[in-house]
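# Understanding the architecture of this molecule
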Amino acid sequence: MRSKIAIVLAILGLLVLGAGIGQRTIWLPPATLTATAPAPSASAPLTVIGPQLLNTRDGQFTMTVKSDGPLQLAVARQDDILGWVGNGAYTEIGGADADFTQLAATSHKGEATVPNPAGSDMWVSEEKADGELSYTWQAPGRGDWALLLSVDGKAAAPTDISITVDNEAGTPWAVPLMIIGSALLALAALMFLIAPNKPKAEVAAGRRTAGRVPSDPATGALEVDKIVASRSAAKQADGPGAPATIDEARKAEADKAGPGDDSTDRPDRSSRQDKAAPVHAVVSGDATSALPLMLSKTEPPAASKPSDAPVDPVAFETETSSDSGTSDQADRDQPDNDPSDQDKPDNNKPDDNTPDNNNGGNNIAGENIAGKNKPAKSKPAKDTPGKDQQTEFRAHEGTVGLMKKRANFTTRWGAALAAVLVAGSLSPAVAADPTTPATSPSATAAATESAPATATAVPSTPGFPALLDSQVQRISSAVAAAVAAGDNAKNAQELEVRVSGMALEARTANYKIRAKVSKQAAMEPVNASTLLAKVVTTTETWPRSSMLVTQGENNALPQLLTLVQASPRENYKLIQATPLLPGQTFPKVDKEGTKELPLDAADGLAMSPADAIAALSDRLTKADSKFKTSFNDSVYIQSVLDTQATILKEAKDASYVFSHKADTGQVVNLRTADGGAMVVVGYNFGIDATSKENANLTVGDDAAVFTGGKETTKGFTLNYAEPVVMHIPPAGSDGKITILSATRNLVGGNFKK
């Protein structure tokens with residue numbers, strides 16, 4: 001039976017093991033999946049790959065773009081790319097379908113040609129290729145990102161796009177099946193190798209018991225022993241014939257016992273039940289009757305040791321007192337290998353209260369079978385020379401023996417189970433399946449889901465910064481290079497690509513003056529490094545602004561560079577460059593981006609930007625301005641007031657009028673970390689002189705470049721560019737408006753007619 005089970009287990013093990021190996025070989029799914037964009041319905045100069053595709057598998061994919069010629073790829077925020085595309089026609093590529101075989105593609109109508117998108121400040125990075133581009137996506141930061149594909153803005157943009165990802169359809173059951181199959185094979189092998197627990201062959205003791213042991217020792221060996229003993233006793237007593245079969249022996253024993261011989265009627269039964277385990281016997285008339293199953297312990301005869309002495313349940317010795325039938329008695333008393341002998345009740349202990357107790361000695365059949373009423377006396381075994389009647393009895397397997405046998409059985413099966421487990425652990429080593437997904441981060445998150453939630457820092461300003469650090473560095477370098485080129489060539493056209501507004505006006509005038517006045521000083525240079533601070537807005541519309549604080553080796557003071565991007569397709573340009581005034585500290589701003597405020601915003605501010613601009617205009621014009629107490633003391637304000645006072649003091653032949661008019665068309669208002677605001681504004685500082693009684697008025701060499709001469713009898717006007725950066729404190733504070741940065745440069749003039 002065990003062999004059949006082993007064969008079944010071996011077949012099952014082979015099938016299961018084969019299934020596991022098959023999942024790693026013939027049934028192994030492809031390692032990657034590829035989805036391709038279909039051909040668009042119409043060509044377009046731009047192709048936009050949106051966040052639906054870029055967020056596929058958390059960005060873990062490789063994209064391949066094919067083109068018939070050169071191509072360029074730009075990375076930017078989705079809003080920035082769509083802002084740059086504007087009214088241009090483009091093809092939008094979306095995410096993959098459920099089978100991951102095809103990408104979504106949508107055509108948007110618009111302008112057939114657009115400017116070349118290469119080099120835009122909004123691109124975080126750019127790549128160029130010829131024919132084919134293999135690109136691995138990695139998000140530059142938070143937010144929704146997109147890719148822009150183009151050639152030059154005129155030719156059709158490439159649309160042959162495909163993405164490849166790892167196949168998540170792995171084989172998670174491959175390793176378990178191989179382990180289970182190996183374990184089943186190991187178990188089958190053990191069942192073949194482990195021999196069944198068969199009893200040892202019975203060895204008949206003596207010449208009379210040879211060949212008389214029945215095929216089932218548990219039911220017949222004892223009865224054969226009784227028959228042999230009865231025959232020997234019958235021969236010695238010359239009594240009636242001994243029983244010839246087991247059934248006759250049982251009947252004879254029952255007739256001898258009689259109805260009153262039941263051991264249950266004996267007064268000492270209860271006392272002996274306390275020392276011996278209960279006996280369960282079944283009396284039957286055939287040779288297969290069940291014998292007593294087990295005694296909890298086997299007691300030696302009472303004559304051999306005291307009743308309270310310890311009993312050895314495994315072996316003991318007795319000495320018979322009968323001199324007759326020695327050889328027969330020896331034959332009967334030789335130990336047989338019947339384990340049921342130890343399961344019979346111990347009736348060898350004499351009972352003082354029962355005079356007819358004939359169950360003495362170790363004679364299991366009893367002397368009654370032989371017709372003797374005299375019980376055999378038992379003594380403790382001792383070495384007495386010359387007594388051949390001395391017979392040694394040893395229990396071959398008592399209760400302890402059975403327990404040991406059962407322990408051996410349990411030990412063998414425990415060892416078999418351990419071997420199976422070891423075999424399972426020693427199953428063939430399998431390399432990690434690249435298609436079997438490892439423990440995902442989602443499983444880890446699920447494991448810590450019950451943990452207390454940790455508060456995450458939320459930026460005080462909603463949205464995302466319009467420029468990353470890499471963009472800021474690239475833009476500042478481009479601006480500095482353009483300014484340096486213009487300064488070296490004294491050519492304003494070199495500035496136009498990166499400079500506009502008041503900064504362009506001031507430098508253009510300076511170049512004009514320096515072309516005729518050799519002693520005229522150059523303006524303060526613009527440097528990209530060292531970058532001391534930056535202010536980036538989170539504005540999603542245009543115009544956008546930014547402010548950088550830099551100081552190069554040729555800058556006496558840190559420079560505040562104000563940059564503005566007028567539209568999506570334009571680059572950032574420098575509109576103001578002013579030195580940080582001595583004793584002033586640049587305010588703190590949110591590193592994740594700050595909010596740009598409208599001109600009339602008064603919420604949370606001590607004064608709206610528009611009101612602060614007007615107040616400063618009055619303060620610079622009048623020494624006794626009503627807004628004098630609204631501003632902190634400033635070296636620049638004092639310098640302007642002193643200059644105006646000196647002109648008035650020395651003006652004997654002319655009357656002078658001073659003005660500071662703000663250009664509100666290019667005002668930048670940035671929220672600061674303290675709840676206040678920085679306001680960047682450009683003033684036109686005007687000096688209007690009128691001659692008295694046609695007196696002769698003279699201007700300087702620098703002004704003469706614009707007026708066309710140095711003397712006039714009518715009068716003149718001079719214009720100075722006056723960029724200013726001031727800080728408005730938050731509402732409810734005791735602070736005043738502070739002038740952080742300011743300067744002035746002559747930009748024009750003329751004679752009155």
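Just above, that's the structure.
Let me begin by describing the structure that accompanies this report. Since we're looking at a predicted model, the values are computed, not measured. (Residues numbered from 1 in each chain as written. Predicted model: local features only at pLDDT ≥ 70, side-chain atom pairs only at ≥ 80, totals over all residues. Heavy atoms only, no water.)

## Points about the overall build of the protein
Within the protein, the regular secondary structure consists of 16 helices and 21 strands. Expressed as a percentage of its 753 residues, the buried residues of the protein come to 43%. When contacts within the protein are restricted to residue pairs at least 6 apart in sequence, those whose partners lie at least 24 apart make up 72%. When the accessible surface of the protein is totalled, it reaches about 39100 Å², and 54% of it is carbon and sulfur. (Helix = DSSP H or I, 4+ residues; strand = E, 2+ residues; numbered from the N terminus. Buried < 20%, exposed > 50% of the residue type's maximum accessible area, 1.4 Å probe, protein only. Contact = heavy atoms within 4.5 Å. Areas by Shrake-Rupley, 256 points an atom, 1.4 Å probe, with all protein chains shown as cover.)

## Concerning the pattern of salt bridges
If charged atoms from side chains of opposite charge come close, those side chains can pair. A full pass over the atoms with the stated rule returns nine salt bridges. In this structure, E592 engages R142 in a salt bridge whose closest nitrogen and oxygen atoms are separated by 3.3 Å. Taken together, the residues E592 in the loop between β14 (573-579) and α14 (609-621) and R142 in the loop between β6 (125-136) and β7 (145-150) connect sequence positions 450 residues apart. Linked by salt bridges that have partners in common, K519, D701 and K710 make up one network. (Salt bridge = Lys/Arg side-chain N within 4 Å of Asp/Glu carboxyl O.)

## Observations concerning helix α15 (residues 635-650)
Between the first and last C-alpha of α15 there are 22 Å, a value that for 16 residues agrees with the 22 Å anticipated at 1.5 Å per step. Taken together, the buried positions of α15 are Y636, I637, V640, L641 and Q644. Seen along its axis, α15 keeps its buried residues to an arc of 135°; they face one direction. In α15, the exposed residues that point more than 90 degrees away from the buried face are V635, K649 and E650. Where α15 is buried, its residues meet α14, β15 (654-671), β16 (677-691), β19 (715-728) and β20 (738-742). Where α15 begins, the side chain of S634 points an oxygen toward the backbone nitrogen of Y636, at a separation of 3.2 Å. (Expected span 1.5 Å × (residues − 1). Arc of directions from axis to C-beta. Polar contact = N/O pair within 3.5 Å; in protein donor to acceptor, adjacent residues only side chain to side chain.)

## Regarding the packing of aromatic side chains
This structure, assessed with the given rule, holds three aromatic pairs. With centroids separated by 6.1 Å and ring planes inclined at 50°, the aromatic side chains of W84 and W123 adopt a geometry described as tilted. On the criterion of sequence distance, the pair formed by W84 in helix α3 (residues 78-85) and W123 in the loop between β5 (103-108) and β6 is long-range, its members being 39 residues apart. Here W84 and W123 have matching classes, each one buried. Taking the centre distance of 5.7 Å and the plane angle of 35° together, the rings of F685 and Y720 count as tilted. Placement of the pair is F685 in strand β16 and Y720 in strand β19, with a sequence separation of 35 residues. On the accessibility criterion, F685 (2% relative accessible area) is buried. Cation over ring: R544 sits above W542, and NZ or CZ is 4.0 Å from the ring centre. (Phe/Tyr/Trp six-rings, centres within 6.5 Å; stacked < 30°, edge-to-face > 60°. Lys NZ or Arg CZ within 6 Å of the ring centre and 35° of its normal.)

## Here we look at the sheet that holds β14
In space, the four strands of this open sheet follow the order β11-β12-β13-β14, with antiparallel pairing throughout. The open sheet has two free edges, formed respectively by β11 (531-536) and β14, since each of these has just one partner strand. Strand-to-strand twist of the sheet, defined as the mean angle between neighbouring strand axes without regard to direction, takes the value 15°. Contacts from helix α12 (residues 469-489) reach β11, β12 (544-550), β13 (559-565) and β14 within the one sheet, and its direction differs from that of β11 by about 110°. (Pairing = 2+ DSSP bridges. Axes fitted to C-alpha atoms, helices over the stretch in contact; angles between N-to-C directions.)

## Re empty space enclosed by the protein
Tallied over the entire structure, the rule returns five cavities of 30 Å³ or more. For the second largest cavity, the calculated volume is near 80 Å³. Taken together, M502, A503, A506, R507, M523, I575, Q576, A577, A721, P723, T743 and N745 form the lining of the second largest cavity. Broken down by secondary-structure element, the contributors of at least two residues to the lining of the second largest cavity are α13 (501-516), β14 and β19. It is α13 that provides the largest number of residues to the lining of the second largest cavity, a total of four residues. Split by residue class, the lining of the second largest cavity holds eight nonpolar, three polar and one charged. (1 Å grid on protein atoms, 1.4 Å probe; cavity = no way out; pocket = protein on both sides within 12 Å on 5 of 7 lines; lining within 4 Å. Points joined across faces, edges and corners; volume = space filled by probe spheres on them. Nonpolar A, V, L, I, M, F, W, Y, C, P; charged D, E, K, R; others polar.)

## Notes on α3
Burial in α3 covers these residues: Q78, D80, I81, W84 and V85. Each buried residue of α3 sits inside an arc of 165° when the element is viewed along its axis, so together they form one side. In the core, the buried residues of α3 are packed alongside β2 (46-49), α2 (51-54), β3 (62-77), β4 (90-96), β7 and β12. In the stretch just after α3, G86 is the one whose phi turns positive, near 55°.

## What about the packing of α12 against α13?
Axis separation between α12 and α13 bottoms out at 10 Å; the angle between their running directions is 20°. Between α12 and α13, the crossing angle belongs to the class labelled roughly parallel. Here α12 runs over α13; the crossing is right-handed. Mapping the contact onto sequence places V483, G486 and D487 in α12 and R507, Y511 and R514 in α13. (Parallel < 35°, antiparallel > 145°, perpendicular 65-115°, else oblique. Left-handed = near helix turned anticlockwise from the far one by under 90°.)

## What to know about the environment of T91
The topology assignment puts T91 in strand β4. Counting along the chain gives 46 residues from T91 to P45, while the straight-line C-alpha distance between them is 8.5 Å. When neighbours within four sequence positions are excluded, T91 is seen to be in contact with P40, A42, A44, L46, T47, V48, T106, S107 and T159.

## Focus on the packing of α14 against α15
Interhelical geometry of α14 versus α15 gives an angle of 45° and a closest axis separation of 8 Å. Here α15 runs oblique to α14, going by the angle between their axes. When α14 is examined against α15, the residues L616, R619, L620 and T621 are found in contact with a partner set consisting of Y636, I637, V640, L641 and Q644. A per-class count over the contact of α14 with α15 returns six nonpolar, two polar and one charged.

## Observations concerning the side chain of N669
With respect to the element layout, N669 can be found in strand β15. Residues contacting N669, with those up to four places away along its chain left out, are K595, E596, L597, P598, L599, P609, M678 and V679.

## Concerning the environment of D674
Counting through the fold element by element, D674 comes out in the loop between β15 and β16. A polar atom in the side chain of D674 sits 2.9 Å from the backbone nitrogen of G676. At 3.4 Å, the side chain of D674 forms a polar contact with the side chain of H727.

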